[in-house]
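Chains, contacts and geometry: an overview
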Amino acid sequence: MSEHPVPPAPPVPSEPIARRYVGKVAFITGAARGQGRAEAVRLAAEGADIIALDICQDIPTTTYSGATPEDLAETASQVEKLDRRIVTVQADVRDFDAVRSGLQDAVAELGRLDVVIANAGMTTAARVWEIDAEHWRTTIDINLTGAFHTAKAAIPIMIEQNTGGAIVFTSSVAGLVGLPFLGDYAAAKHGVTGLSKTLANELAEYRIRVNSVHPHGVMTGLQMTEVRTYSAEYPLLAPMFMGSLPDGVSQSEDIAAAVAWLASDEARHVTGIQLPVDLGRTNR
């Protein structure tokens, strides 16, 4: 087979092609930066008002900096430039009472709730037997229990509203396959996948659709140099982090575009699925 040059990647679309969220309100966790901000901006560009929640603090068990209040304010600014309303909530998804209170106040201000995107998350890297109790507990509490708290706070509001809706959980390729060096994260994200599938069955009669998206590498603030270190140390496992498309990573806007479709009425008969947006990783 002869070598040939790799075609350039198509650009990330800069303008949404639809207005699928006019008159709707979306609640997004982890919205201060990265995928959460991209989702807030994408849905606002399509007409949604936004409830944006983030902890805006460093997480002691991570090696990268956490989002800041200034990051959350920047998300608000970008949404407002699109002539949409936004309510920001600074809260930890591990604190159910804070999530519920912040969401209830925001819904009272914006008038309704149609879409929930449980996106808040964090990760670290280590071999499973080297993960200490604090790292394990923090990863599970933020990624899995935080997703549960988000759904638990939102679902009664959506049922009472009686207009259906959509919930999208941000899982991961690590929520579908056993990626090495990410044992606590993989356990949490497999849990998120299961939670999503169960809720899809429980909420179907209310016309509330529930799905999960599964990114691979995404260019956000959650950068883990440890994975590269471990991959160099264990070269037989390194190919498990390779996709099949030539792009090295996805952009946050790639994930936001998939979520915007999955939560829209165009996907009205789609529930209980696990949608990989992963450069072909899970197909390898």
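Refer to the preceding data block for the structure.
What you are looking at is a predicted structure, and each value in this text was computed from that prediction instead of being measured.

Let's talk about the overall build of the protein chain
- The secondary structure content of the protein chain amounts to seven helices and nine strands.
- A compact globule built from 284 residues would reach a C-alpha radius of gyration of about 19 Å, and the protein chain, at 18 Å, matches this within 12%.
- Of all 284 residues assigned to the protein chain, the portion counted as buried reaches 52%.
- For the protein chain, restricting intrachain contacts to residue pairs at least 6 apart in sequence, the fraction spanning at least 24 positions comes to 79%.
- Entry remark: accessible area of the protein chain is about 13400 Å², with carbon and sulfur atoms responsible for 53%.
- Within the protein chain, the 34 negative side-chain charges are centred at a point lying 5 Å from the centre of the 23 positive side-chain charges.

Points about the sheet that holds strand β4 (residues 115–118)
- The strand order across the open sheet formed by seven strands is β3-β2-β1-β4-β5-β6-β9, and the pairing between neighbours is parallel. The open sheet has two edge strands with one neighbour each: β3 (86–90) and β9 (274–277). Pairwise comparison of adjacent strand axes, ignoring direction, gives a mean angle of 15° for this sheet.
- Across four bridges, the pairing between strand β6 (residues 208–215) and β9 is parallel. By the bridge assignment, V213 is partnered in β9 with L275.
- Against the sheet, helix α1 (residues 34–45) makes contact with β1 (25–29), β2 (49–54), β4, β5 (165–170) and β6, and its axis sits at roughly 170° relative to β1, the strand it touches most.
- Against the sheet, helix α5 (residues 183–203) contacts β5, β6 and β9, and its axis sits at roughly 160° relative to β6.

Some details on α1
- Over its 12 residues, α1 extends 17 Å from the first C-alpha to the last, a length consistent with the 16 Å expected when each residue adds 1.5 Å.
- For α1, the tally of buried residues reaches 10 of 12 residues, placing the bulk of the element in the interior.
- For α1, the set of buried residues is Q35, G36, R37, A38, E39, A40, R42, L43, A44 and A45.
- Remark: G47 follows α1 within two positions and exhibits a positive phi of approximately 115°.

Quick word on the pairing of β1
- When you tally the buried positions in β1, you get five out of five residues, the bulk of the element.
- Alternating residues of β1 divide into V25, F27 and T29 and A26 and I28, and every residue in both groups is buried.
- Of the strand pairs in this sheet, β1 and β2 are connected by five bridges, and their pairing is parallel. What sits directly across from I28, in β2, is A52.
- For the crossover that starts at β1, traverses α1 and ends in the parallel β2, the hand is right-handed.
- Here three bridges tie β1 to β4, and the two strands are oriented parallel to one another.

Conventions used here
- Residues numbered from 1 in each chain as written.
- Predicted model: local features only at pLDDT ≥ 70, side-chain atom pairs only at ≥ 80, totals over all residues.
- Heavy atoms only, no water.
- Helix = DSSP H or I, 4+ residues; strand = E, 2+ residues; numbered from the N terminus.
- Rg over C-alpha atoms; globule rule 2.2 N^0.38 Å.
- Buried < 20%, exposed > 50% of the residue type's maximum accessible area, 1.4 Å probe, protein only.
- Contact = heavy atoms within 4.5 Å.
- Areas by Shrake-Rupley, 256 points an atom, 1.4 Å probe, with all protein chains shown as cover.
- Lys, Arg positive; Asp, Glu negative; His and termini not counted.
- Charge placed at Lys NZ, Arg CZ, Asp CG, Glu CD.
- Pairing = 2+ DSSP bridges.
- Axes fitted to C-alpha atoms, helices over the stretch in contact; angles between N-to-C directions.
- Expected span 1.5 Å × (residues − 1).
- Right-handed = clockwise from strand over helix to strand, strands pointing away.

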